[in-house]
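What follows is the residue order along each chain.
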Amino acid sequence: MTRRWLVTGCSSGLGSALASAVAESGDLLVATARQPAVLEGLAARYPSRVTTASLDVSDPGHCEAAVAHAVEHFGGVDVLVNNAGTGLLGALEEVSDDELRDQLEVLTVAPWRLTRLVLPLMRRQGSGHIVNISSLAGRMGFPGLSAYVTGKYALEGMSQALAAEVAPFGIRVTVVEPGAFATRYGTALTDAATCIPSYAQSTGETRTGMRGMADNPTLSDPGTFATHVVRLVASDATPLRVPIGPDAYAFLDMIEAATREELAAARAFIADAVPPPADDSASPAPLTTGP
C-alpha cells in the first residue's frame, strides 16, 4: 500500500531523516520547510514521489496551502506528521508572554490547525494517521525549558483526546517521544530575552546538555528515529505513545517510579489529614426555639 505523507519541519535533524526514509520506502511525500530550497536535492532524487512546499506552521495561510498542495499533487493525505518545532531556553520567570505565545504557536496551535485541516479528508476516505512528534518533555519537566515543556504537555493531551474522537472514523493517532538524538536542535534553541543569573543553579545543567547534543558521541543517529516512524505507520496497531531511543526508556522508567512515589506520598498526606469520625455522644444538643 502506497501512503501519501505530509511532513512538517523537513529541513534538518529528525525531520530531514524522516523525509528521506519516507521517500526511500516508496511512499509519496509532501516535504515542507520554511525554506523549501533545502529540500531540492531530495525532490530531485525522487521526482515521482516527492514534492516540496513552503510552510511556516505559524501562518494559517501557509498551512492551508500545504494541505491543498498535497491534495493537488497526490489526491489527499494519509499520514500527517507534525514534526516542526522550536525551542526556548529560559526559566518561567525569564519567559515573556510573547515568547510563550510564539512557542505554543509552533508546538501546539500549529499541529492542532494542520490536524483540523486534514481530518475532513481522512474522514471521507475512512482512514488516516496523525503522528505528533512530542518529546520526553511531554512527560517530565526539565528546568530551563518551561515554555517548551508546556507546549509538549499540551500536544500530548490534545493527542490523547483526539485519538478517542477520531477512532470511529478509522483514523489513528500516535505520539512519538524521541529521546536525545545527534542533531543541531540544541544549538538552534533560542535564549529568552530576559536573563536572571540566579536561575543558573537550577537551569544550567539543562542548558549545557542541550547545547552539547550535536557533539555528543553517545547519542543515537536520526536515521534510527526515521526508521521506527516509518515502521509504526506501516504497522496495523501501535500504542498511543511510542518512545524512541534507549535513553527515552531509561528516563520513562525513572518517571514511572517517581510518579508512584509521588502518588503514595499524596495518598499518605491526604489520609493523615482526614479527621476521625465524630463521636455522636459528645455532640451538643441541637438548638431549639419556642417555649
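Residues numbered from 1 in each chain as written. Predicted model: local features only at pLDDT ≥ 70, side-chain atom pairs only at ≥ 80, totals over all residues. Heavy atoms only, no water.

Engineer: Quick question: what am I supposed to make of helix H7 (residues 200-211) here?
Structural biologist: An α-helical segment advances 3.6 residues per turn. Residues three or four places apart therefore align on the same side. Three or more residues of H7 are buried, namely Thr203, Thr206 and Met210. All buried residues of H7 fall inside an arc of 55 degrees around its axis, so they share one side. Turned more than 90 degrees away from the buried face of H7, the exposed residues are Ala200, Gln201, Glu205 and Thr208. (Buried < 20%, exposed > 50% of the residue type's maximum accessible area, 1.4 Å probe, protein only. Helix = DSSP H or I, 4+ residues; strand = E, 2+ residues; numbered from the N terminus. Arc of directions from axis to C-beta.)

Engineer: Even after reading the chapter, I still don't get the packing of aromatic side chains, so can you show me in this structure?
Structural biologist: Aromatic ring pairs are reported here in terms of the distance separating the ring centres and the angle at which the planes meet. Under the definition given, this model contains 2 aromatic pairs. Considering the side-chain rings of phenylalanine 142 and phenylalanine 251, the 6.1 Å spacing of their centres and the 70 degrees angle between planes classify their relative orientation as edge-to-face. Here phenylalanine 142, found in the loop between strand E6 (128-133) and helix H5 (146-166), pairs with phenylalanine 251, found in helix H9 (residues 246-273); they are 109 residues apart in sequence, far enough to count as distant. Given a relative accessible area of 22%, phenylalanine 142 falls into the partly exposed group. Seen from their ring centres, phenylalanine 181 and phenylalanine 225 are 6.1 Å apart, and the 70 degrees between their planes marks the pair as edge-to-face. Of this pair, phenylalanine 181 sits in the loop between strand E7 (171-178) and helix H6 (185-188) while phenylalanine 225 sits in helix H8 (residues 222-234), and the two are 44 residues apart along the sequence. On the accessibility criterion, phenylalanine 225 (0% relative accessible area) is buried. (Phe/Tyr/Trp six-rings, centres within 6.5 Å; stacked < 30°, edge-to-face > 60°.)

Engineer: Mind showing me how you'd approach the pattern of salt bridges here?
Structural biologist: Here the idea is simple: oppositely charged side chains can pair when their charged atoms come close. What the rule picks out here adds up to 7 salt bridges. A salt bridge links arginine 139 to glutamate 177; the nearest nitrogen and oxygen atoms lie 2.7 Å apart. With arginine 139 in the loop between E6 and H5 and glutamate 177 in strand E7, the pair connects residues that are 38 residues apart, well separated along the chain. Exposure remark for arginine 139: the relative accessible area of 31% places this residue in the partly exposed category. In this structure, aspartate 191 engages arginine 207 in a salt bridge whose closest nitrogen and oxygen atoms are separated by 2.4 Å. Taken together, the positions of aspartate 191 in strand E8 (residues 190-191) and arginine 207 in helix H7 put the pair 16 residues apart, joining distant regions of the chain. (Salt bridge = Lys/Arg side-chain N within 4 Å of Asp/Glu carboxyl O.)

Engineer: Looking at this structure, I do not really get the packing of helix H4 (residues 97-125) against H5. What am I missing?
Structural biologist: When two helices pack together, their arrangement is captured by the angle between the axes and the distance separating the axes. H5 packs onto H4 with a crossing angle of 15 degrees between their chain directions and a minimal axis gap of 8 Å. Compared by their axis directions, H4 and H5 come out roughly parallel. Where H4 crosses over H5, the two elements pack in a sense that is right-handed. On H5, the residues that touch Leu100, Gln103, Leu104, Leu107, Thr108, Pro111, Trp112, Thr115 and Leu119 of H4 are Ala147, Tyr148, Thr150, Gly151, Lys152, Ala154, Leu155, Met158, Leu162 and Val166. Each residue belonging to the contact of H4 with H5 can be placed in one class, and the counts come to 13 nonpolar, 5 polar and 1 charged. (Axes fitted to C-alpha atoms, helices over the stretch in contact; angles between N-to-C directions. Parallel < 35°, antiparallel > 145°, perpendicular 65-115°, else oblique. Left-handed = near helix turned anticlockwise from the far one by under 90°. Contact = heavy atoms within 4.5 Å. Nonpolar A, V, L, I, M, F, W, Y, C, P; charged D, E, K, R; others polar.)

Spatial relationships are all this shows, so hold off on functional conclusions.
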